[in-house]
Amino acid sequence: MAQTQDQSESNPPLESSVATVCEGWSTPLTLHNNYWLRSHTVSKFMLVRDNFKPRRDDIILATQPKCGTTWLKALAFTITGRGRLSFSDHPLRTDNSHNLVPFIGVQDTGGDLEHLETLPSPRLLSTHLPLSLLPPTISTVGCKVVYLCREPKDAFVSRWHFENKIITGGAPPISLDDAFGMFCQGRSPFGPFWDHYLEYWKESLARPHEVMFLRYEEMVSNPLKVVRELACFLGAPFTQEEETSGVAQQIERFCSFDSLRNLDINKTGGTDSAGGKISLQASALFRKGKVGDWVNHMTKDMGETMDRLVDHKFKGSGLEF
Ligand code: PAP
């Protein structure tokens, strides 16, 4: 059973501050402080900024949806839990990483704000929220943030497939063209993706010891390197003894796409229902796991349009794709 923050639990749509609504994805989106959130989640996420209390030793995994959240959660959970959790009966064998690393403010993943208060430190938490919708103390309390982004064309294709997998109630599939139009206008869950990337990118430049900025592509091309860097960043570098016994390699292999996808829990994990709004098979979180899959779905023109948009939005920031 996998519940993503992207879906979240069912809440009544916010009536008072609905400025703009976007129809077209599997559920409507509402514009809130520059970001498009699923309408039924807005009221919950509005509480996060004022009521979530970051702690100095929190680790917060922040991502744009479809950029590798499931993978990053599995890696961070396994890295920080090594020593006390064995691979043979590891929690990831019986639960999806979304349920092991709660989404801040998302009850179904154990991230209800009151519940988070009761968790012992250090907490490993996650969010799809942009930095500007999190409490400002995130930047001052000393907690660690790991941000993961992905080449936008691949992130878009992953999003499009995912939307069509989570549609329920016989709704017609979303066309690639329609999805592309909305995505390029910034109208996608937790979009505009460029502002989301840039907020964390700038924070990582300003506070590199507290904000780590990762890309899905670098994780795919050299996962072992990222595993080691992540362990160092999280304050738990591999000891010489661990290196000698291959612990980093074990973690990398255990959390690889094929390994996680082939676990029963992720192959046959049941359909979860978000108040009847959305349902999801855990297998929907493990589609292809490839870099560059966009060429199999988008036209050359679409690719060029997206590239121009990305160049324009990230110009001068130092962030390039
Ligand atoms: P979420 O936002 O709904 O949580 P998220 O996990 O961020 O989704 O992204 C899913 C993508 O990560 C999928 O990409 P694809 O559609 O291009 O295939 C999924 O396949 C990929 N993914 C999931 N787990 C792994 C993994 N262990 N290694 C590499 N890629 C992975």
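Residues numbered from 1 in each chain as written. Predicted model: local features only at pLDDT ≥ 70, side-chain atom pairs only at ≥ 80, totals over all residues. Heavy atoms only, no water.

Undergrad: Would you mind going over the environment of Thr 30 in detail, with residue names and values included?
TA: Relative to the elements of secondary structure, Thr 30 occurs in strand β2 (residues 29-32). With relative accessibility at 4%, the residue Thr 30 sits in the buried group. Taking the C-alpha atoms as reference points, Thr 30 and Leu 47, separated by 17 residues in sequence, lie 16 Å from one another. (Helix = DSSP H or I, 4+ residues; strand = E, 2+ residues; numbered from the N terminus. Buried < 20%, exposed > 50% of the residue type's maximum accessible area, 1.4 Å probe, protein only.)

Undergrad: Pulling in residues and values, what's your account of the nonpolar core?
TA: Phe 52, Phe 156, Phe 193, Tyr 197, Met 298 and Met 306 are the most contacted members of the largest nonpolar core, which totals 56 residues. With residues near it in sequence (within four places) discarded, Tyr 197 still touches Gln 64, Cys 67, Tyr 147, Cys 149, Arg 150, Pro 152, Ala 155, Phe 213, Phe 314, Leu 319 and Phe 321. (Core = buried A, V, L, I, M, F, W, Y, C linked by side-chain atoms within 4.5 Å. Contact = heavy atoms within 4.5 Å.)

Undergrad: Could you give me a rundown of the packing of aromatic side chains, with the residues and numbers involved?
TA: For the structure shown, the criterion picks out 16 aromatic pairs. Pairing Trp 71 with Tyr 216 gives two aromatic rings, centres 5.6 Å apart and planes at 75 degrees, and the pair type is edge-to-face. Of the two residues, Trp 71 sits in helix α2 (residues 69-81) while Tyr 216 sits in helix α8 (residues 216-221), which places them 145 residues apart along the sequence. Both rings, one in Tyr 147 and one in Phe 213, keep their centres 5.3 Å apart while their planes meet at 35 degrees; by these two values the pair is tilted. With Tyr 147 in strand β6 (residues 144-149) and Phe 213 in strand β7 (residues 211-215), the pair connects residues that are 66 residues apart, well separated along the chain. Tyr 147 gets classed as buried once you look at its relative accessible area, which sits at 0%. (Phe/Tyr/Trp six-rings, centres within 6.5 Å; stacked < 30°, edge-to-face > 60°.)

Undergrad: Which residues make up the site of the ligand, and what values go with them?
TA: Surveying the vicinity of the ligand reveals 23 residues, the closest of which are Thr 69, Thr 70, Ser 158, Tyr 216 and Lys 288. One of the backbone nitrogen or oxygen atoms of Lys 66 is found 2.8 Å away from an oxygen atom of the ligand. The separation between an oxygen atom of the ligand and a polar side-chain atom of Arg 150 is 2.9 Å. Across the complex, the protein chains shield 98% of the 640 Å² of accessible surface that the ligand would expose by itself. For the shell around the ligand, the element with the highest residue contribution is α2, accounting for three residues. Within the shell around the ligand, the residues separate by chemical class into ten nonpolar, nine polar and four charged. (Near = heavy atom within 4 Å. Polar contact = N/O pair within 3.5 Å; in protein donor to acceptor, adjacent residues only side chain to side chain. Areas by Shrake-Rupley, 256 points an atom, 1.4 Å probe, with all protein chains shown as cover. Nonpolar A, V, L, I, M, F, W, Y, C, P; charged D, E, K, R; others polar.)

Undergrad: Explain the sheet that holds β2 to me, and be specific about the residues and the numbers.
TA: The strands that make up a sheet pair up through hydrogen bonds in the backbone, lying either parallel or antiparallel. The antiparallel open sheet is built from three strands, whose spatial order is β1-β2-β3. The open sheet has two edge strands, β1 (21-22) and β3 (35-38), and neither has a second partner. (Pairing = 2+ DSSP bridges.)

Undergrad: Account for the sheet that holds strand β4 (residues 59-63), naming residues and giving values.
TA: The four strands are arranged β5-β4-β6-β7 in an open sheet whose pairing can be described as parallel. Lying at the two open borders of the sheet, with one neighbouring strand each, are β5 (124-127) and β7. Sheet twist, expressed as the average angle between the axes of neighbouring strands with direction ignored, equals 20 degrees. Relative to β7, β6 runs parallel, the two sharing five bridges. (Axes fitted to C-alpha atoms, helices over the stretch in contact; angles between N-to-C directions.)

Undergrad: Any details on the environment of Phe 180? Residues and values, ideally.
TA: In this structure, Phe 180 sits in helix α6 (residues 176-184). Phe 180 has contacts with Phe 156, Met 298, Met 302, Thr 305 and Met 306, leaving out every residue within four places of it along the chain.

Undergrad: Any chance you could break down helix α11 (residues 247-254) for me, citing the residues and the numbers?
TA: Where α11 is concerned, the buried positions are Val 247, Ala 248, Ile 251, Glu 252 and Phe 254. Buried residues along α11 sit in contact with α2, α9 (223-233), α10 (240-244) and α12 (257-261).

Undergrad: Any details on the packing of helix α7 (residues 193-206) against helix α14 (residues 300-314)? Residues and values, ideally.
TA: Look at α7 against α14: their axes get within 10 Å of each other, and the N-to-C directions meet at 40 degrees. Here α7 is positioned oblique relative to α14, judged by the angle of their axes. Considering only the axes of α7 and α14, their crossing is right-handed. Residues Phe 193, Trp 194, Tyr 197 and Leu 198 of α7 pack against Met 306, Leu 309, Val 310, Lys 313 and Phe 314 of α14. Along the lines of polarity and charge, the residues of the contact of α7 with α14 split into eight nonpolar, no polar and one charged. (Parallel < 35°, antiparallel > 145°, perpendicular 65-115°, else oblique. Left-handed = near helix turned anticlockwise from the far one by under 90°.)

Undergrad: How would you summarise the pairing of β6 if you had to cite specific residues and measurements?
TA: Within β6, five of the six residues are buried, which leaves it mostly tucked inside the rest of the structure. Inspection of the sheet shows β4 paired to β6 by five bridges, in the parallel sense. Within the sheet, the bridge partner assigned to Ala 62 lies in β6 and is Tyr 147.

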